[in-house]
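# Working through the structure, step by step
As a plain string of letters, each chain reads:
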Amino acid sequence: MTDKMHAKDEPSAQPRDAVSRRAFLKGVIASGAAVSAAAYLFRAPEGLAGMAPDAVGERLITLNVNGRLRRVDVMRQETLAWTLRYKLGLTGTKLGCDRGECGACTVLIDDVPHYSCSTLTHTVRGRKVVTIEGLAAIDGTLHPLQQAIVDEQGFQCAFCMSGFVMSTLGFLKTHPNPTREQLAHGVSGNLCRCQDYDKILTTMMRGAENLRRVGRG
Ligand code: FES
Ligand code: FES
């Protein structure tokens, strides 16, 4: 095939690549998807792996997650992060340290940010849980905070992204017009292994501006 023919066959290869990359990024941001590996995905909580349901007291409960009632069997000592990721398939909530140090697992419970790795699932019965998957509209329109990430290209690997978004959203519910310093303090419970804090703050400040513009929290 000549160069000319090739050019004719694929007249818009560059723009199409750009569009598909943008669509891919939007999908990643909406779902909170990021790094995955088999060992990470199938990691069991210490002491629970391999135990029979009866041995760990599994019980059927109803949770309100992202506005939907979900029936799920949970173990007495099961964490919300575990239930969300491995029982409900909401893998946008990340597990980093699994010990309340990094904030990657942050979700909103009754509009307040919580580390889901340090929250027992049965304690959130009757409360409203919101994860990163609950932010975009049904038609796929990104939440103003998520749109800010697209606009600012705000994260490197994005493993910490959903935690930062949920922490920021919770903080903005009580501080809708923060200074950069106030927002930095508000999300100080979240760590970024890529050390991309300056860009993350710029992104979240833009997200706060987006939220004010559309009057949402
Ligand atoms: S995974 Fe929950 S704080 Fe790190
Ligand atoms: S962007 Fe990589 S951990 Fe934050």
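Since we're looking at a predicted model, the values are computed, not measured.

A word on the pattern of salt bridges. In this structure the tally under the stated criterion is nine salt bridges. Note that Asp-151 is salt-bridged to Arg-206, the shortest N-O span being 3.4 Å. Within this pair, whereas Asp-151 is found in helix H5 (residues 144-152), its partner Arg-206 is found in helix H8 (residues 197-214), the two being separated by 55 residues in sequence. The class for Arg-206 is partly exposed, based on a relative accessible area of 32%. The residue Glu-152 makes a salt bridge to Arg-206 at a minimum N-O spacing of 2.9 Å. A residue pair is termed long-range when its members are at least 10 positions apart, and Glu-152 in helix H5 and Arg-206 in helix H8 qualify at 54 residues. For Glu-152, a relative accessible area of 26% gives the class partly exposed. Shared partners join several salt bridges into a network, and the residues in it are Asp-151, Glu-152 and Arg-206.

All right, on to the packing of H5 against H8 then. H8 packs onto H5 with a crossing angle of 135° between their chain directions and a minimal axis gap of 8 Å. It follows from the interaxial angle that H5 and H8 lie oblique. H5 and H8 meet at a crossing whose hand is right-handed. Side by side, H5 and H8 meet where Pro-144, Leu-145, Gln-147, Ala-148, Ile-149, Asp-151 and Glu-152 of the first sit next to Lys-199, Thr-202, Thr-203, Met-204, Arg-206, Gly-207, Ala-208, Asn-210, Leu-211 and Val-214 of the second. Tallied by class, residues from the contact of H5 with H8 come to eight nonpolar, five polar and four charged.

Rules of the game
- Residues numbered from 1 in each chain as written.
- Chains lettered and ligands numbered in written order.
- Predicted model: local features only at pLDDT ≥ 70, side-chain atom pairs only at ≥ 80, totals over all residues.
- Heavy atoms only, no water.
- Salt bridge = Lys/Arg side-chain N within 4 Å of Asp/Glu carboxyl O.
- Helix = DSSP H or I, 4+ residues; strand = E, 2+ residues; numbered from the N terminus.
- Buried < 20%, exposed > 50% of the residue type's maximum accessible area, 1.4 Å probe, protein only.
- Axes fitted to C-alpha atoms, helices over the stretch in contact; angles between N-to-C directions.
- Parallel < 35°, antiparallel > 145°, perpendicular 65-115°, else oblique.
- Left-handed = near helix turned anticlockwise from the far one by under 90°.
- Contact = heavy atoms within 4.5 Å.
- Nonpolar A, V, L, I, M, F, W, Y, C, P; charged D, E, K, R; others polar.

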